[in-house]
Protein chains: 2
Amino acid sequence: MSKLVKSLEEAIKLCGLKDGMTISFHHHLRNGDFVLNMVLKEIAALGLKNMTINASAIFDIHEPLIDLTKQKVVTGIETDYMGRTVGEAISGGILEKPVIFRTHGGRPGAIDTGRTPIDVAFVAASQADDMGNCTGKFGKSACGSLGYAMSEAAHAKKVVVITDELVPYPLNGFSIPEVNVDCVVQVDAIGNPAGIVSGTTKITRDPVGLKMADLAVQAIIASGLLKDGFSFQTGAGGASLAAAVFLKDIMVQKQIKGSFVMGGITGYLVDMLEAGCFRNIMDVQCFDLKAVDSLAHDPRHLEVSATHYASPFTKSSIVDSLDVVILGATQVDTNFNVNVHTNSQGIIMGGSGGHSDAAAGAKMSMIIAPLSRARMSLVVDRVQTISTPGKTIDVVLTQRGIAVNPRREDLCEKFKTAGLPIVTIEELKARAEAINGIAQPLKTGTKTVAEVEYRTGEIIDTIKNIL
Amino acid sequence: MSKLVKSLEEAIKLCGLKDGMTISFHHHLRNGDFVLNMVLKEIAALGLKNMTINASAIFDIHEPLIDLTKQKVVTGIETDYMGRTVGEAISGGILEKPVIFRTHGGRPGAIDTGRTPIDVAFVAASQADDMGNCTGKFGKSACGSLGYAMSEAAHAKKVVVITDELVPYPLNGFSIPEVNVDCVVQVDAIGNPAGIVSGTTKITRDPVGLKMADLAVQAIIASGLLKDGFSFQTGAGGASLAAAVFLKDIMVQKQIKGSFVMGGITGYLVDMLEAGCFRNIMDVQCFDLKAVDSLAHDPRHLEVSATHYASPFTKSSIVDSLDVVILGATQVDTNFNVNVHTNSQGIIMGGSGGHSDAAAGAKMSMIIAPLSRARMSLVVDRVQTISTPGKTIDVVLTQRGIAVNPRREDLCEKFKTAGLPIVTIEELKARAEAINGIAQPLKTGTKTVAEVEYRTGEIIDTIKNIL
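Residues numbered from 1 in each chain as written. Chains lettered and ligands numbered in written order. Predicted model: local features only at pLDDT ≥ 70, side-chain atom pairs only at ≥ 80, totals over all residues. Heavy atoms only, no water.

Visitor: Any chance you could break down the relation of the copies chain A and chain B for me, citing the residues and the numbers?
Guide: Overlaying chain A on chain B yields an RMSD of 0.0 Å, the required transformation being a rotation through 180 degrees with an accompanying axial translation of 0.0 Å. Both chain copies can therefore be described as sitting about a two-fold axis. Ranked by how close their C-alpha atoms come to the rotation axis, the residues of chain A are headed by P299(A), at 4.4 Å. Same-surface contact between copies: 100% of interface residues of chain A are shared with the interface of chain B. (Least-squares fit on C-alpha atoms with pLDDT ≥ 70 in both. Contact = heavy atoms within 4.5 Å.)

Next up, the structure:
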């Protein structure tokens with residue numbers, strides 16, 4: 001008995017894929033992913049139409065999706081993040097149905113509870129055996145955690161594992177067990193390792209970014225949360241990573257033993273683990289090869305499912321135990337709502353990812369972003385797109401001052417006592433506008449090109465086409 | 001946020017446990033388990049009645065179950081194995097409804113598919129954090145794999161983790177994630193480590209047992225299956241373990257690199273891993289402390305769920321990839337049916353466990369058992385209870401000859417070529433009867449005290465009350 005089939009075509013046929021079905025993909029190979037394009041090319045060649053893609057993220061490498069959308073091979077897209085290349089086409093209105101944006105916690109929640117059934121899940125794995133036990137930890141295309149693929153594999157009607165490194169049964173250290181897998185396909189390459197490493201996982205050298213990172217660490221200290229047992233999530237933006245590096249120095253110096261760090265995992269967070277700042281890394285996704293290597297070899301570095309990471313529809317997830325998260329923003333408004341979906345022209349170029357989930361869970365959620373970017377103000381009256389509701393954002397930190405959500409008077413007092421440069425969000429807006437002028441309201445079309453679902457499933461905003 | 005509650009009573013109330021509900025237990029603490037008794041005592045104190053117990057196994061330590069059955073606190077029992085103490089009471093007819101016997105693969109299959117819903121699962125864990133991440137690998141009451149508890153935890157409406165070692169969040173190396181857990185209770189002791197080690201996990205010194213073990217290894221060699229990639233399961237009976245030890249010597253000597261070994265894991269199998277005989281141990285249950293220690297520290301020793309181990313209702317399980325299994329028997333009949341449920345008096349004193357599952361999956365399933373025990377013949381016309389159907393048994397090996405199922409002419413030829421002492425099953429029966437005489441047919445009552453479900457769910461036999 002073996003589940004190995006000769007080709008992707010055979011796998012697709014074996015799974016009974018038909019017009020109008022929903023197929024899923026995960027994004028651990030990031031901008032190096034070959035699998036989504038490879039599968040859709042085969043689906044197009046088989047003449048299938050009206051597919052819905054449920055992908056944990058869409059990167060620029062998935063540009064062929066644009067043409068497949070025009071050809072009606074793909075007529076529905078559900079995702080947690082969309083890079084600018086596909087985003088611009090979507091914003092131009094090429095898709096009849098709105099894209100549905102979810103969060104990294106909302107998506108597995110919707111899959112686990114059956115709200116968004118998947119007909120066939122395509123799992124990209126850097127190692128697999130012929131019965132379907134598979135992982136991303138080892139192999140030439142190793143990408144680390146397969147956290148986002150776990151819910152899909154557990155619930156999809158059919159599961160196809162696509163690998164470029166077949167190993168003898170049983171695969172040691174499987175991330176997804178054979179029990180979920182229908183067939184296995186071997187291909188030349190599932191991705192380009194160079195693209196798996198995100199371009200953003202380098203610490204900033206920009207003085208503004210370094211200043212914000214330093215302020216962020218001061219704010220964390222002032223919050224009183226930085227003590228034994230401290231838990232931390234940060235994104236992979238340059239200033240966020242700088243904050244992690246500064247935080248590491250403080251934790252080592254003060255001998256603070258944190259509990260866990262999570263988020264997209266980078267080498268900087270591995271350094272913190274190895275320096276004893278944290279007992280564990282909880283890893284739903286690796287951002288660089290140092291993180292991949294650590295997950296493969298360090299038993300303190302734990303692979304977790306997206307459900308475990310952040311689903312609001314489970315009995316608890318890790319974000320519920322999170323102390324501090326540092327998050328980015330393209331816009332923040334005076335109600336503390338955050339936009340990470342659209343740029344100043346209203347073009348889709350991002351998505352929540354785990355932004356909303358971590359903000360909802362953390363004891364202190366902190367946005368760090370420069371007050372101006374490309375002559376546009378960070379703070380506005382109303383964000384172009386609400387990605388994360390203001391009620392879950394505690395702090396907006398810029399190089400020109402820190403605004404604390406009025407709901408968190410406790411934090412505001414602590415920051416004042418620590419001598420941090422506290423301002424109101426309105427003052428931040430005024431300072432930004434003094435530099436950049438008041439932005440003209442953006443004129444968008446009337447067609448809804450995307451709906452933004454909050455992690456619990458309700459639509460909190462829509463994105464209109466650009467003119 | 002914490003899921004820690006003050007007492008078992010509080011946990012039971014929080015889960016909304018009511019008369020007539022079904023609760024589950026797993027048996028990794030074996031005859032050292034305190035948890036089943038502790039929970040039932042509390043349930044009785046709360047005045048609840050008509051509970052159904054779905055337990056992966058019932059040991060002698062669970063004797064209090066007898067009185068609770070008489071008091072109608074428990075009116076239904078579903079299990080994969082039942083030790084003689086409770087078995088004798090059941091055989092005496094104390095329960096109105098028949099006990100339902102399943103297999104270690106059939107049980108998770110029935111849970112996963114929703115055929116046997118569980119209202120509240122009680123998970124005994126030697127370490128847990130206050131959000132419910134838990135394991136059996138570490139702690140003073142470490143019992144190793146929690147494989148049987150995984151399906152319960154994934155599917156029960158409510159899940160209570162009972163631990164005697166609470167650790168800071170997050171527990172490193174969790175076996176069951178918090179996503180499944182409703183509450184956590186800390187108790188003084190979940191079990192007696194001395195009882196966790198089975199009394200049967202010692203190699204035999206009996207010359208008959210050693211002779212059978214030697215013959216078994218010769219049969220494995222003759223089968224042609226002993227080559228690189230070889231996979232093996234054995235029980236924890238003395239002769240089976242002796243076979244493992246002899247097999248190890250051969251594999252080391254011939255430099256055969258097997259793939260995996262599984263079954264209840266003993267130190268003897270750990271020795272085989274460490275000697276390089278196998279790449280991996282697939283562990284659904286540890287039988288001794290050496291196995292527990294290996295699982296906790298050797299990354300080649302993998303914890304697997306009961307679903308992954310043996311469920312016939314999943315896309316594949318490990319038994320499907322198994323080459324050879326060595327199994328025990330109390331009776332075998334001339335159709336190769338095997339009884340491991342009842343003794344010569346018809347009293348329940350066992351159960352399939354993974355017997356039927358491994359027999360169904362393995363390329364060669366071999367029963368090894370002495371021709372006579374306590375002046376009773378091993379081979380009879382019809383076993384008292386069909387535990388494992390003869391169509392899945394390939395070989396019956398005794399100290400007085402080896403019978404091969406006529407369905408496996410290929411194997412018979414190979415054994416003959418190797419000069420093994422081949423006999424027919426009828427000859428084995430005749431030889432046994434020559435020693436013991438012909439057994440008088442057992443007279444049982446007319447009340448059905450237990451039904452034996454095959455792994456796929458159909459009832460293949462019933463057990464009547466003893467007179």
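Additional details are given in the paragraphs that follow.
Visitor: Could you give me a rundown of the domain arrangement of chain A, with the residues and numbers involved?
Guide: Residues and elements named next belong to chain A. Here the domain parsing of chain A yields domain 1 (4-56 + 104-196) and domain 2 (207-441). When each unit is reduced to the centre of its C-alpha atoms, the spacing between domain 1 and domain 2 is 31 Å. On the domain 2 side, the residues contacting the 23 residues of domain 1 number 22 residues. Between domain 1 and domain 2, the buried area comes to about 1,700 Å², and carbon and sulfur atoms account for 58% of it. Viewed at the interface, domain 2 and domain 1 are joined by 1 salt bridge. As a salt-bridge pair, K137 and E303 come within 3.6 Å of each other at their nearest N and O atoms. (Domains from an automatic or database assignment. Buried area = accessible area lost by both parts, 1.4 Å probe. Salt bridge = Lys/Arg side-chain N within 4 Å of Asp/Glu carboxyl O.)

Visitor: Summarise helix α4 (residues 84-91) of chain A; cite the residues concerned and give the values.
Guide: Residues and elements named next belong to chain A. What α4 keeps buried is the set V86, G87, A89, I90 and S91. Elements in contact with the buried residues of α4: α3 (64-70), β4 (74-79), β5 (99-101), β25 (444-453) and β26 (459-466). Once α4 ends, the next one or two residues include G93, with phi positive near 95 degrees. (Buried < 20%, exposed > 50% of the residue type's maximum accessible area, 1.4 Å probe, protein only. Helix = DSSP H or I, 4+ residues; strand = E, 2+ residues; numbered from the N terminus.)

Visitor: Lay out the sheet that holds strand β21 (residues 379-380) of chain B in plain terms, naming residues and giving numbers.
Guide: By way of backbone hydrogen bonds, the strands of a sheet pair with one another, either parallel or antiparallel. Residue and element names in this part refer to chain B. What the 3 strands build is an open sheet, ordered β17-β16-β21; its pairing is mixed. Of all the strands in the sheet, the pair left with one neighbour each is β17 (338-339) and β21. For strand β16 (residues 331-333) and β17, the ladder comprises 2 bridges, and the chain directions are antiparallel. Across the sheet, residue V332 finds its bridge partner in β17, namely V338. (Pairing = 2+ DSSP bridges.)

Visitor: Describe the sheet that holds strand β23 (residues 401-404) of chain A, listing the residues and the values that go with them.
Guide: Residues and elements named next belong to chain A. Strand order in the open sheet formed by 9 strands is β14-β13-β12-β11-β15-β18-β22-β23-β24, with mixed pairing between adjacent strands. With one partner strand each, in any of the chains shown, β14 (301-303) and β24 (422-423) form the two edges of the open sheet. In this sheet, strand β22 (residues 395-398) lies alongside strand β18 (residues 364-368) in parallel orientation, the contact comprising 3 bridges. Each residue of the ladder has a partner; that of M366, found in β22, is V395. Where helix α14 (residues 409-417) meets the sheet, it contacts β18, β22, β23 and β24, and its direction lies at approximately 155 degrees from that of β23. (Axes fitted to C-alpha atoms, helices over the stretch in contact; angles between N-to-C directions.)

Visitor: Quick rundown of the state of the cysteines? Include the residues and the values.
Guide: All names here are of chain A. Across all of its chains, the model carries 0 disulfides over all chains by this definition. C183 forms no disulfide, and the closest cysteine sulfur to it belongs to C15, at a distance of 4.3 Å. In this model C277 remains outside any disulfide bridge; the closest cysteine sulfur is found in C286, 19 Å from its own. By relative accessible area, C277 is classed as buried at 1%. (Disulfide = S-S within 2.5 Å.)

Visitor: Summarise the environment of S175(A); cite the residues concerned and give the values.
Guide: All names here are of chain A. Note on placement: S175 falls in the loop between β9 (158-163) and β10 (183-186). Setting aside anything within four residues of it in sequence, one finds S175 in contact with C134, T135, G136, K137, L146, M150 and E303. Within the structure, S175 has its side chain in polar contact with the side chain of T135 (distance 2.8 Å). (Polar contact = N/O pair within 3.5 Å; in protein donor to acceptor, adjacent residues only side chain to side chain.)

Visitor: Describe the pattern of salt bridges, naming the residues involved and giving the relevant values.
Guide: It is possible for side chains of opposite charge to pair when their charged atoms get near one another. Counted under the stated rule, the structure contains 40 salt bridges over all chains. Connected through salt bridges with shared partners, the residues E78(A), R102(A), R115(A) and E453(A) form a single ionic network.

Visitor: How would you explain the packing of helix α9 (residues 238-254) of chain B against helix α10 (residues 267-274) of chain B if you had to name every residue and give the values?
Guide: Geometrically, a packed helix pair is captured by the angle between its two axes and the distance between the axes. All names here are of chain B. As a packed pair, α9 and α10 sit with axes 9 Å apart at the nearest point and diverge in direction by 10 degrees. Taken together, the axes of α9 and α10 are roughly parallel relative to one another. For the pair α9 and α10, the contacting residues are L241, A244, V245, L247, K248 and M251 in the first and Y268, L269, D271 and M272 in the second. Of the residues contributing to the contact of α9 with α10, the split by class is 8 nonpolar, no polar and 2 charged. (Parallel < 35°, antiparallel > 145°, perpendicular 65-115°, else oblique. Nonpolar A, V, L, I, M, F, W, Y, C, P; charged D, E, K, R; others polar.)

Visitor: Quick one: what's the story with the interface of chain A and chain B, residue by residue and with numbers?
Guide: Contacts between the two partners involve 40 residues from chain A and, on the opposite side, 40 residues from chain B. Together, the buried faces of chain A and chain B total about 2,700 Å²; carbon and sulfur atoms form 54% of this surface. Area buried by chain A at its contact with chain B is led by Y169(A), V179(A) and K315(A), which between them contribute 25% of it. At the junction of chain A and chain B, the tally comes to 2 salt bridges. Put simply, D182(A) and K315(B) hold a salt bridge, and the shortest N to O gap is 2.7 Å. Linking chain A to chain B there are 26 residue pairs in polar contact (both at pLDDT 80 or more). Elements with a minimum of two residues in the side of chain A that touches chain B: β9, β12 (258-262), β13 (278-283), β14 and α12 (306-310) of chain A.

Visitor: Any details on the pairing of strand β12 (residues 258-262) of chain B? Residues and values, ideally.
Guide: All names here are of chain B. β12 sits mainly inside the fold: 5 of its 5 residues count as buried. Relative to β12, strand β11 (residues 232-234) runs parallel, the two sharing 2 bridges. Note that in β12 the partner of Q233 across the bridge is M262. With α9 bridging β11 and the parallel β12, this β-α-β connection has right-handed handedness. Two strands pair when backbone bridges link them, and β12 and strand β13 (residues 278-283) are joined in this way by 4 bridges, in the parallel orientation. Opposite F260, over in β13, you have N280 as the bridge partner. On the question of chirality, the crossover connecting β12 to the parallel β13 by way of α10 is right-handed. (Right-handed = clockwise from strand over helix to strand, strands pointing away.)

Visitor: Describe the environment of G209(B), naming the residues involved and giving the relevant values.
Guide: Residues and elements named next belong to chain B. Turning to its location among the elements, G209 is positioned in helix α8 (residues 207-223). Taking relative accessible area as the criterion, G209 reaches 3% and is therefore assigned buried. Put simply, G209 and L36 are 173 residues apart on the chain and 35 Å apart in space, counted from C-alpha to C-alpha. Apart from residues no more than four positions distant in its own chain, G209 is found in contact with T204 and A239.

Visitor: Which residues make up the packing of aromatic side chains, and what values go with them?
Guide: Per the stated rule, a full pass over the model turns up 10 aromatic pairs over all chains. Pairing Y169(A) with F260(B) gives two aromatic rings, centres 5.6 Å apart and planes at 65 degrees, and the pair type is edge-to-face. Here Y169(A), found in the loop between β9 and β10, pairs with F260(B), found in strand β12, and the two come from separate chains. Here the two residues Y169(A) and F260(B) agree in accessibility, since each one is buried. Pairwise contacts between aromatic rings join F230(A), F232(A) and F278(A) into one cluster. (Phe/Tyr/Trp six-rings, centres within 6.5 Å; stacked < 30°, edge-to-face > 60°.)

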